[in-house]
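The lines below spell out each chain.
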Amino acid sequence: MSTPSESAHDRSEPDLEPELSTIVGERRQLINLAYRLLGSLSEAEDAVQETYTRWYAMSREQQAAVASPGAWLTTVASRVCLDVLGSARVRRERYVGAWIPEPLPDRSEWIGGPAGTGRSEPADPADRITLDESVSMAFLVVLESMTPAERVAFVLHDVFRYPFAEVAEIVDRTPAACRQLASSGRRRIRVARTPAAPPAPAAVQASPAAQAVLVRHFKEAWESKDIETLIALLAPDATMTADGGGLVGAVLRPLEGDRSIAQYLIHIAGKAPGLTLLERTVNGRPGLVAQHSGVTVTVAAFETSGDHVTRIWAVRNPEKLRAWTGNEQT
């Protein structure tokens, strides 16, 4: 099996314990993989920690017998994530309201280090997720609709480019079965990206720069409580999903329609005087952060089409906002 950092695994003395730097150097790759598989940074960190625990539970002789430590770590981390996904489906069925993947800030805005550490300095680079299309909120939400096996096979093959023969070794299925799982995952992606009606010529995913302008106009209209402008910026069939996890107030079902969403946002603005809106990068795309008394209370991710907002995901569960806690107003 190969990994993106496979060249670091070549060892001319197989009887020696793998270099510590080689093992530790896999951490960022494993965190990137586990976050995409689980949609939760805290669960991803736990999965990677469990992977390293299993590595160091082996004797030095057993470690030295591993031909490719990076491949071994990837296999174990993927299997741990597969187990977590199975139990997570049960937990999320009991979750209060909608479950939205944990939002991630831009590298320059990352606060607090690994979830729950309470550090105020920027996180170590190994703990940062590479922000690309495969961690956009829209993409992660579709991943949530996949079965655990589909998700693991699809992410390993289509995102991390592992051959099906290697995916089969990881998930303990045949290459043909893994090919079918990834194909099923691809169909889910296509269905999610296909509009119910033929799109207008301008109805295409906006570039990050265009989305940033649209989000800025949205922010300004929300701040000024301009409901008509908000409605004009929202697609007629727009949806908004909020995740409070039962810990804070949030609508339990998705809001549908431009006017319903605009009215709700104006209602929230009226109930929370002093709310500050900040333009921030959320999972690699322009988004908004709402702060009250300097504390981040909501992180909103957007999906846009042309010059309209089509989807809003508002994460309010404080347990999912640890990487954002302490952001200073700017």
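Structure first, text after, so check above.
Residues numbered from 1 in each chain as written. Predicted model: local features only at pLDDT ≥ 70, side-chain atom pairs only at ≥ 80, totals over all residues. Heavy atoms only, no water.

1. Some remarks on the overall build of the protein
Here comes step 1: A tally of helices and strands in the protein yields twelve helices and six strands.
Here comes step 2: Expressed as a percentage of its 330 residues, the buried residues of the protein come to 50%.
Here comes step 3: At a minimum sequence separation of 6, the contacts of the protein that also span at least 24 residues come to 67%.
Here comes step 4: Of the roughly 15,400 Å² of accessible surface on the protein, 53% is carried by carbon and sulfur atoms. (Helix = DSSP H or I, 4+ residues; strand = E, 2+ residues; numbered from the N terminus. Buried < 20%, exposed > 50% of the residue type's maximum accessible area, 1.4 Å probe, protein only. Contact = heavy atoms within 4.5 Å. Areas by Shrake-Rupley, 256 points an atom, 1.4 Å probe, with all protein chains shown as cover.)

2. A closer look at the side chain of Asn 32
Here comes step 1: One can find Asn 32 in helix H2 (residues 27–38).
Here comes step 2: Here the side chain of Asn 32 touches Arg 28 through a polar contact of 2.9 Å, landing on its backbone oxygen. (Polar contact = N/O pair within 3.5 Å; in protein donor to acceptor, adjacent residues only side chain to side chain.)

3. Some remarks on the pairing of strand S6 (residues 308–315)
Here comes step 1: A large share of S6 lies buried, amounting to six of its eight residues.
Here comes step 2: Sheet topology places strand S1 (residues 234–243) next to S6; six bridges connect them, and they run parallel. In the strand pairing of S6, Thr 241 is matched with Trp 313.
Here comes step 3: Two elements, strand S5 (residues 295–305) and S6, share seven bridges in a ladder whose sense is antiparallel. Note that in S6 the partner of Ala 300 across the bridge is Ala 314. (Pairing = 2+ DSSP bridges.)

4. What to know about unusual backbone geometry
Here comes step 1: Although it is not a glycine, Asp 172 adopts a positive phi angle of roughly 60 degrees.
Here comes step 2: Accessibility expressed as a relative area gives 68% for Asp 172, which makes it exposed.
Here comes step 3: Although it is not a glycine, Asn 283 adopts a positive phi angle of roughly 50 degrees.
Here comes step 4: You can see Asn 283 is positioned in the loop between strand S3 (276–282) and strand S4 (285–292).

5. Focus: the pattern of salt bridges
Here comes step 1: Summed over the entire model, instances satisfying the criterion amount to twelve salt bridges.
Here comes step 2: Residue Glu 144 pairs with Arg 151 through a salt bridge whose shortest N-O separation is 2.7 Å.
Here comes step 3: By relative accessible area, Glu 144 is classed as partly exposed at 22%.
Here comes step 4: Note that Lys 219 and Glu 223 form a salt bridge whose closest N and O atoms lie 3.2 Å from each other. Residue Lys 219 and its partner Glu 223 are located together in helix H10 (residues 208–223), separated by four residues, close to a single helical turn.
Here comes step 5: Accessibility expressed as a relative area gives 13% for Lys 219, which makes it buried.
Here comes step 6: Overall, Glu 223 belongs to the partly exposed group, its relative accessible area being 42%. (Salt bridge = Lys/Arg side-chain N within 4 Å of Asp/Glu carboxyl O.)

6. Quick word on the packing of helix H3 (residues 41–57) against helix H5 (residues 69–93)
Here comes step 1: Contact geometry for H3 and H5: axes closest at 9 Å, N-to-C directions at 135 degrees. Viewed along their axes, H3 and H5 adopt a mutual orientation that is oblique. In the crossing of H3 with H5, the sense of the turn from one axis to the other is right-handed. Touching Glu 43, Ala 47, Glu 50, Thr 51, Tyr 52, Arg 54 and Trp 55 of H3 are Pro 69, Trp 72, Leu 73, Val 76, Ala 77, Val 80, Cys 81, Val 84, Arg 91 and Arg 92, all from H5.
Here comes step 2: A class-by-class count of the residues in the contact of H3 with H5 yields eleven nonpolar, one polar and five charged. (Axes fitted to C-alpha atoms, helices over the stretch in contact; angles between N-to-C directions. Parallel < 35°, antiparallel > 145°, perpendicular 65-115°, else oblique. Left-handed = near helix turned anticlockwise from the far one by under 90°. Nonpolar A, V, L, I, M, F, W, Y, C, P; charged D, E, K, R; others polar.)

7. A look at the packing of aromatic side chains
Here comes step 1: According to the stated counting rule, one finds three aromatic pairs in the structure shown.
Here comes step 2: Above the face of the Trp 99 ring, Arg 92 is positioned so that its terminal group lies 3.6 Å from the ring centre.
Here comes step 3: The aromatic ring of Trp 99 is capped on one face by Lys 320, whose charged end is 3.9 Å from the ring centroid. (Phe/Tyr/Trp six-rings, centres within 6.5 Å; stacked < 30°, edge-to-face > 60°. Lys NZ or Arg CZ within 6 Å of the ring centre and 35° of its normal.)

8. Considering the sheet that holds S4
Here comes step 1: The six strands lie next to each other as S2-S1-S6-S5-S4-S3, forming an open sheet whose pairing is mixed. Each having just a single partner strand, strand S2 (255–256) and S3 make up the two edges of the open sheet.
Here comes step 2: Relative to S5, S4 is paired through six bridges, and the arrangement is antiparallel. Bridging across to S5, Val 289 finds its partner in Val 299.
Here comes step 3: Where H10 meets the sheet, it contacts S1, S3, S4, S5 and S6, and its direction lies at approximately 25 degrees from that of S4.

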